[in-house]
There are 2 protein chains.
Amino acid sequence: MDTRSIGVFDSGLGGLTAVRQLRRLMPSENIIYFGDTARVPYGNRSRETLLQYARQDMRFLSSFDLKAVVIACGTVSTNCLEELRAESGVPVTGVVEPAVERAAALTRSGKIGLAATRASVASGAYERAFRRLDPALEVHALACPLFVPLVEEGRCRPGDTVIETVAAEYLAPLKEVGVDTLVLGCTHYPLLAEVIGGVMGPEVSLVDVGAEAARACRDLLAAADALANRGEGSVRFYTSDRAVNFRRLAALFLGEEAAGAVEQVDIFQY
Amino acid sequence: MDTRSIGVFDSGLGGLTAVRQLRRLMPSENIIYFGDTARVPYGNRSRETLLQYARQDMRFLSSFDLKAVVIACGTVSTNCLEELRAESGVPVTGVVEPAVERAAALTRSGKIGLAATRASVASGAYERAFRRLDPALEVHALACPLFVPLVEEGRCRPGDTVIETVAAEYLAPLKEVGVDTLVLGCTHYPLLAEVIGGVMGPEVSLVDVGAEAARACRDLLAAADALANRGEGSVRFYTSDRAVNFRRLAALFLGEEAAGAVEQVDIFQY
């Protein structure tokens, strides 16, 4: 038993969809969440800039006594995982490997789609991970740069012409090649599950990368006998910009009221 | 005659629409452009964070020998102009005052609309400037947070369902109150002039804030006898992220090939 906290970070608040899954799987754990709202979004930035930002995010989280870190940002996971892992004193879980394992287990046709940010697709990280697992898998990666701004504006529900038009357009090539499994490679995308499921059809399995990362983190802590077996855990929230819109967006991503205080961090000091 | 350069900055590349107007009005001038592409967009950030970023942007520009600065960012102009002006050694032109003068001259009904980012609307800067000029003017301000991401993805042309749906939805309240003049309060928005004009109708005058800021800068230099009267001037481009997508976006905003090298700046050092 280990009562230290789990650190989680994302470019913004999308990573709270992973926090939701961590809390569902491990309600006893304390969680420290950092969202880099002063520099969100990460999805179009270069690898060099991403690494600089991610290192600062990690250094801030490392100021707490942690037993594990979950990178709840698809773009950082695909571009910076190796460096962050090498530099971290505690186990680091990214979103790629757990999602790849799940998708490989789910597919029957061997044709897998990936919807992600531009930087995630450019990294080739999913293709490499699939190839390591099974070189016979056919992976079709697709950048969906408007999904994040649309979700952040709350345009994620079926019936909204804007998100439905964008989703149908982005996903058309994946429908055409006939993937039977689609990795939603960004922690904002679970909010689009209904819209994306509507476009792809019920026969296509969707993989939520945040949920898979939460599962992987739970397995890792369980194997090390490091789960906190006690009452209800807590979540502490930190953001790099003023927490003006925090409540509205946090409730959206977390699926519950974000209880507790939100503190602002000067991330440029890290 | 003063052959020093004019400094121009924006959160990203939208400010190049102002550079286009500066070059049209003053083809002899040398221009130094900085786009903070590592931290774009600014439009949803808090005033504190904006001021921190804008001061770094100004400090970088101040490393050149300048005769004037144009803040080609609506969000910085509305939130930080006073501080930047007080701290600058050269005249600083923001987008608010020139646009307000033009809109007040154009309106016949006295009902003026403003479309801008969330942070610009929240600042109340346009309302204050209109009130100083003529307290009888009726100003209707509207945040249009999806305009910037849509323009950056090239979704700015008539016939595109997504931008047309978003524009019609955002602008409906302004149509309803019957404004006859609409200030496009962000340097990305000139690319939406056709779409916005289509929604508002031909009887509504559109005010391009970048073009008005360029005009104000020209007037200011002319009054100080500080125009560069010589051959063709040059533009030097600097960005804070790697210049991967620079050419594509720059051509879009500048309306011409962006000639010359683009250099990357470590803005966090300023």
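Everything numeric in this text was worked out from a predicted model, so none of it was measured.

### Some points on the overall build of chain A
Argument step 1. Summing up its helical and strand segments, chain A has 11 helices and 10 strands in all.
Argument step 2. Relative to the 2.2 N^0.38 estimate, which gives 18 Å for 270 residues, the radius of gyration of chain A is 18 Å and therefore close to what a compact globule would have.
Argument step 3. Each principal axis of the C-alpha atoms in chain A carries an extent, and together these give about 50 × 40 × 40 Å.
Argument step 4. Taken over 270 residues, chain A has a buried fraction of 54%.
Argument step 5. Once local pairs closer than 6 in sequence are excluded, the contacts in chain A between residues at least 24 apart make up 78%.

### Re the domain arrangement of chain A
Residue and element names in this part refer to chain A.
Argument step 1. Taken domain by domain, chain A holds domain 1 (5–94 + 211–269) and domain 2 (96–209).
Argument step 2. In this structure, domain 1 and domain 2 have C-alpha centres spaced 22 Å apart.
Argument step 3. Contact residues are listed per partner, giving 27 residues for domain 1 and 26 residues for domain 2.
Argument step 4. The element best represented in the side of domain 1 that touches domain 2 is helix α3 (residues 74–87), accounting for 6 residues.
Argument step 5. For the side of domain 1 that touches domain 2, a count of residues per class yields 12 nonpolar, 11 polar and 4 charged.

### What about the nonpolar core?
Argument step 1. Of all hydrophobic cores here, the largest spans 186 residues; its most connected members are V70 and I71 of chain A together with V70 and I71 of chain B.
Argument step 2. Not counting the four nearest positions on each side in its chain, V70 of chain A is found in contact with I6, V8, A18, L22, T93, A213 and C217 of chain A.

### Details of the interface of chain B and chain A
Argument step 1. Counting from both sides, the interface comprises 18 residues of chain B and, opposite them, 18 residues of chain A.
Argument step 2. For the side of chain B that touches chain A, the secondary structure elements donating two or more residues are α2 (47–61) and α8 (161–177) of chain B.
Argument step 3. The biggest single contributor to the side of chain B that touches chain A is α8 of chain B, with 4 residues.
Argument step 4. A breakdown of the residues in the side of chain B that touches chain A according to their chemical character gives 8 nonpolar, 4 polar and 6 charged.

### Quick look at the sheet that holds strand β1 (residues 5–10) of chain A
By way of backbone hydrogen bonds, the strands of a sheet pair with one another, either parallel or antiparallel.
Residues and elements named next belong to chain A.
Argument step 1. If you walk across this open sheet you meet the 6 strands as β4-β3-β1-β2-β9-β10, and the pairing is parallel. Here the strands that pair on one side only, and so sit at the sheet edges, are β4 (92–93) and β10 (262–264).
Argument step 2. Both strand β2 (residues 31–35) and strand β9 (residues 235–239) contribute to a ladder of 5 bridges, which runs parallel. Looking at β9, one finds that Y33 is bridged to F237.

### Description of helix α10 (residues 209–223) of chain A
Residue and element names in this part refer to chain A.
Argument step 1. Helix length check: α10, at 15 residues, gives a terminal C-alpha distance of 21 Å against a target of 21 Å (1.5 Å per residue), a fit within 8%.
Argument step 2. The set of residues buried in α10 consists of V209, G210, A211, E212, A213, A214, A216, C217, R218 and L221.
Argument step 3. Immediately downstream of α10, the backbone of D225 shows phi near 55°, a positive value.

### Brief notes about the packing of helix α1 (residues 16–25) of chain A against helix α11 (residues 246–254) of chain A
Residues and elements named next belong to chain A.
Argument step 1. Interhelical geometry of α1 versus α11 gives an angle of 50° and a closest axis separation of 7 Å. Between α1 and α11, the angle is such that the two are oblique. Judged by the sense of rotation from one axis to the other, the crossing of α1 with α11 is right-handed. Across from L16, T17, V19 and R20 in α1, the residues of α11 making contact are A250, F253 and L254.
Argument step 2. For the contact of α1 with α11, the class distribution of residues is 5 nonpolar, 1 polar and 1 charged.

### Topic: the sheet that holds strand β7 (residues 181–184) of chain B
Residue and element names in this part refer to chain B.
Argument step 1. Read across the open sheet, the 4 strands follow the order β6-β5-β7-β8; overall the sheet is parallel. Strands with a single pairing partner mark the edges of an open sheet, and in this sheet they are β6 (138–143) and β8 (205–208). Between one strand axis and the next, the sheet turns through 20° on average, direction left out of account.
Argument step 2. Contacting β7 and β8, helix α10 (residues 209–223) runs over the sheet at an angle of about 60° to β8.

### What about the packing of helix α4 (residues 96–106) of chain A against helix α6 (residues 125–133) of chain A?
All names here are of chain A.
Argument step 1. Where α4 meets α6, the axes come as close as 10 Å, and the angle between the chain directions of the two elements is 55°. Between α4 and α6, the angle falls in the class oblique. The chirality of how α4 crosses α6 is right-handed. For the pair α4 and α6, the contacting residues are V96, E97, V100 and A104 in the first and A125, Y126, A129, F130 and L133 in the second.
Argument step 2. Taken together, the residues of the contact of α4 with α6 break down into 8 nonpolar, no polar and 1 charged.

### Considering unusual backbone geometry
One can expect most non-glycine residues to show negative phi and most peptide bonds to be in trans.
Residues and elements named next belong to chain A.
Argument step 1. The omega torsion of the bond from V40 to P41 falls at 0°, within 30 degrees of zero and hence cis.
Argument step 2. Along the polypeptide, P41 turns up in the loop between β2 and α2 (47–61).
Argument step 3. Of note, the phi angle at D225 is positive, near 55°, even though the residue is not glycine.
Argument step 4. Tracing the sequence through the fold places D225 in the loop between α10 and β9.
Argument step 5. On the neighbour-count criterion, D225 (9 C-beta atoms within 10 Å) is exposed.

### With respect to the relation of the copies chain B and chain A
Argument step 1. For the pair chain B and chain A, the relating rotation is 180°, the translation along its axis is 0.0 Å, and the fit reaches an RMSD of 0.0 Å. Overall, the copies show the geometry of a two-fold rotation axis.

### Some thoughts on the pairing of strand β8 (residues 205–208) of chain A
Argument step 1. Bridge count between strand β7 (residues 181–184) of chain A and β8 of chain A: 4 bridges; the pairing is parallel. By the bridge assignment for β8 of chain A, V183 of chain A is matched with V207 of chain A.

Cut-off values and rules
- Residues numbered from 1 in each chain as written.
- Chains lettered and ligands numbered in written order.
- Predicted model: local features only at pLDDT ≥ 70, side-chain atom pairs only at ≥ 80, totals over all residues.
- Helix = DSSP H or I, 4+ residues; strand = E, 2+ residues; numbered from the N terminus.
- Rg over C-alpha atoms; globule rule 2.2 N^0.38 Å.
- Buried ≥ 20, exposed ≤ 12 C-beta atoms within 10 Å, placed from the backbone.
- Contact = placed C-beta atoms within 7 Å.
- Domains from an automatic or database assignment.
- Nonpolar A, V, L, I, M, F, W, Y, C, P; charged D, E, K, R; others polar.
- Core = buried A, V, L, I, M, F, W, Y, C linked by C-beta atoms within 7 Å.
- Pairing = 2+ DSSP bridges.
- Expected span 1.5 Å × (residues − 1).
- Axes fitted to C-alpha atoms, helices over the stretch in contact; angles between N-to-C directions.
- Parallel < 35°, antiparallel > 145°, perpendicular 65-115°, else oblique.
- Left-handed = near helix turned anticlockwise from the far one by under 90°.
- Least-squares fit on C-alpha atoms with pLDDT ≥ 70 in both.

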